[in-house]
Amino acid sequence: MAREATITRTTAETDIAVTVNLDGTGRADLSTGIGFFDHMLSAFARHSRMDLAVSVAGDLEVDGHHSVEDAGIVLGQALGAALGDKAGIARFGSAFVPMDEALVLAALDISGRGQLHWAVEVPFGMVGDFDTQLAREFFIALAANAGITLHMRQLAGDNVHHILEAAFKACGRALREAVAIDGALAGEVPSTKGVL
Ligand SMILES: [Mn+2]
């Protein structure tokens, strides 16, 4: 069965559609209205090997907050829907990703308990048209709505573009590992509870 899902969500602040295919090739079709955010989601898709389409029409006349946070919510919901009953998945994934002087670890568990543990020191300010504080908001929303326990930890880094890009790539790479079908499980849900 195809592990893919499309979720749409409309509020007074944003109008969002996300499609994910967990068994894709990393193809991305992105239009969030925020160039740097598209760049980050492109890196995320490429290194997760998911096919990812994200369309956001948000209230950028306010700022990017609603657009980025809500994209995280809808992407998280789409990931959860595409995972279905989680039968046969590896469940855990981790990746250290360097980008020049920056080094970020993402370690995650598709646990059903969505939570972010964030130890990434992102310099305050703007990178292009993206408010650097929004990276954390995005990952909170993603983890909460996908039901993923997500640890992100910066080991090194000064340049904010490098730090953020390493973070998005690390999360993508760790997810690729965690959502992969582990043939040895023969379709079992990898939990002593039998449910994730
Ligand atoms: Mn870049």
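Per chain, residues are indexed from 1 in the order of the written sequence. Given that the model is predicted, a residue must reach a pLDDT of at least 70 before its local features are reported, and side-chain atom pairs must reach 80 or more before they are shown or counted; all residues, however, enter totals for whole chains, interfaces and linings. To get the side-chain values, take all heavy atoms of the structure and skip hydrogens and water.

## Concerning the coordination of the manganese ion
Phase 1: Coordination partners: N, O, S within 2.8 Å of the metal, 3.2 Å for Na, K and Ca; water not considered, so apparent gaps in a site are possible. Each protein donor to the manganese ion is listed here as His39 (NE2), His161 (NE2) and Glu165 (OE); together their distances run 2.0 to 2.2 Å.
Phase 2: In the primary sequence, the donor residues of the manganese ion line up as H-x121-H-x3-E. Of this pair, His39 sits in helix α1 (residues 35-48) while His161 is found in helix α4 (residues 160-179), placing the two residues 122 residues apart along the sequence.
Phase 3: Under the scheme applied here, a residue whose accessible area is under 20% of the maximum for its type counts as buried, over 50% as exposed, and between as partly exposed, the area being computed with a 1.4 Å probe on protein chains only. On the basis of relative accessible area, His161 is assigned to the partly exposed category, the value being 27%. Only runs of H or I of at least four residues qualify as helices and only runs of E of at least two qualify as strands under DSSP, and these elements are numbered from the N terminus.

## Side note on the sheet that holds strand β2 (residues 14-21)
Phase 1: The strand order across the open sheet formed by four strands is β1-β2-β4-β3, and the pairing between neighbours is mixed. Of all the strands in the sheet, just β1 (4-10) and β3 (28-31) have a single pairing partner and so form its edges. Geometrically, the sheet is characterised by an average inter-axis angle of 5° between neighbouring strands, direction not taken into account.
Phase 2: When DSSP finds at least two bridges between two strands, those strands are taken to pair. Pairing between β1 and β2: seven bridges, direction antiparallel. In the strand pairing of β2, Glu4 is matched with Asn21.
Phase 3: Two residues qualify as a contact provided that any one of their heavy atoms is within 4.5 Å of a heavy atom in the partner residue. Axis geometry follows a simple rule: fit a line to the C-alpha atoms, using only the stretch in contact for helices, then measure angles between N-to-C directions, giving values from 0 to 180 degrees. Across the sheet, α1 is in contact with β3 and β4 (51-58); its angle to β3 comes to roughly 160°.

## What about the packing of α1 against α4?
Phase 1: In the contact formed by α1 and α4, the axes pass within 7 Å of each other and the chain directions differ by 35°. Here α1 runs over α4; the crossing is right-handed. Across from Phe36, Phe37, His39, Met40, Ala43, Phe44, His47 and Ser48 in α1, the residues of α4 making contact are His161, Leu164, Glu165, Phe168, Lys169, Cys171, Gly172, Arg173, Leu175 and Arg176.
Phase 2: Residues are grouped as follows: nonpolar covers Ala, Val, Leu, Ile, Met, Phe, Trp, Tyr, Cys and Pro; charged covers Asp, Glu, Lys and Arg; every other residue, Gly included, is treated as polar. Taken together, the residues of the contact of α1 with α4 sort by class into nine nonpolar, five polar and four charged. Note: crossing handedness is left-handed where the near helix turns anticlockwise from the far helix by less than a right angle, and right-handed where it turns clockwise.

## Structural notes on the packing of aromatic side chains
Phase 1: The pairing test for Phe, Tyr and Trp rings, Trp by its six-membered ring, is centres within 6.5 Å, and the orientation test on the planes gives stacked under 30 degrees, edge-to-face over 60, and tilted for anything in between. The full count for this structure, using the stated rule, is seven aromatic pairs.
Phase 2: A centroid spacing of 5.5 Å and a plane angle of 80° characterise the contact between Phe37 and Phe138, whose relative ring orientation is edge-to-face. Remark: Phe138 occurs in helix α3 (residues 134-146) and Phe37 occurs in helix α1; sequence separation between them is 101 residues. The two residues Phe37 and Phe138 agree in class, both being buried.
Phase 3: Ring centres 4.8 Å apart and planes at 50° place the aromatic pair Phe139 and Phe168 in the tilted group. Placement of Phe139 in helix α3 and of Phe168 in helix α4 is noted, with a sequence separation of 29 residues between them. Phe168 shares its class with Phe139; the two are buried.

## Topic: the packing of α3 against α4
Phase 1: Where α3 meets α4, the axes come as close as 11 Å, and the angle between the chain directions of the two elements is 10°. When the axes of α3 and α4 are compared, the pair comes out roughly parallel. Classified by chirality, the crossing of α4 by α3 is left-handed. On α4, the residues touching Ala135, Phe138, Phe139 and Leu142 of α3 are Leu164, Ala167, Phe168 and Cys171.
Phase 2: Grouping the amino acids of the contact of α3 with α4 by side-chain chemistry returns eight nonpolar, no polar and no charged. Should an angle fall under 35 degrees it is taken as roughly parallel, and over 145 as roughly antiparallel, whereas 65 to 115 is taken as roughly perpendicular and any remaining angle as oblique.

## Some points on a positive patch on the surface
Phase 1: Every patch collects residues that have over 30% relative accessible area and no salt bridge, joining them within 9 Å if they carry like charges and within 5 Å if they are nonpolar side chains (Val, Leu, Ile, Met, Phe, Trp, Tyr). Each accessible area value is a Shrake-Rupley result obtained with a 1.4 Å probe; residue values ignore everything except the protein chains displayed when judging cover. Between Lys or Arg on one side and Asp or Glu on the other, a salt bridge is scored when a side-chain nitrogen of the former is within 4 Å of a carboxyl oxygen of the latter. Under the counting rule used here, the positive set is Lys and Arg, the negative set is Asp and Glu, and His together with the chain ends is not counted. Here the site of a charge means atom NZ of a Lys, CZ of an Arg, CG of an Asp or CD of a Glu. Side chains of Arg46, Arg49, Arg173 and Arg176 sit close together on the surface and give a patch of like positive charge.
Phase 2: Relative to the helices and strands, Arg46 is located in helix α1.
Phase 3: For Arg46, a relative accessible area of 52% puts it in the exposed group.

## Focus: the pattern of salt bridges
Side chains bearing opposite charge may pair, as long as their charged atoms lie close to each other.
Phase 1: For the structure shown, the criterion picks out five salt bridges.
Phase 2: Across the salt bridge formed by Asp70 and Arg9, the nearest N and O atoms sit 3.4 Å from each other. With a gap of 61 residues between them, Asp70 in helix α2 (residues 65-83) and Arg9 in strand β1 connect regions that are remote in the sequence.
Phase 3: Classification of Asp70 as buried rests on a relative accessible area of 5%.
Phase 4: A salt bridge links Lys169 to Glu165; the nearest nitrogen and oxygen atoms lie 3.3 Å apart.

These figures come from the coordinates and say nothing about function on their own.
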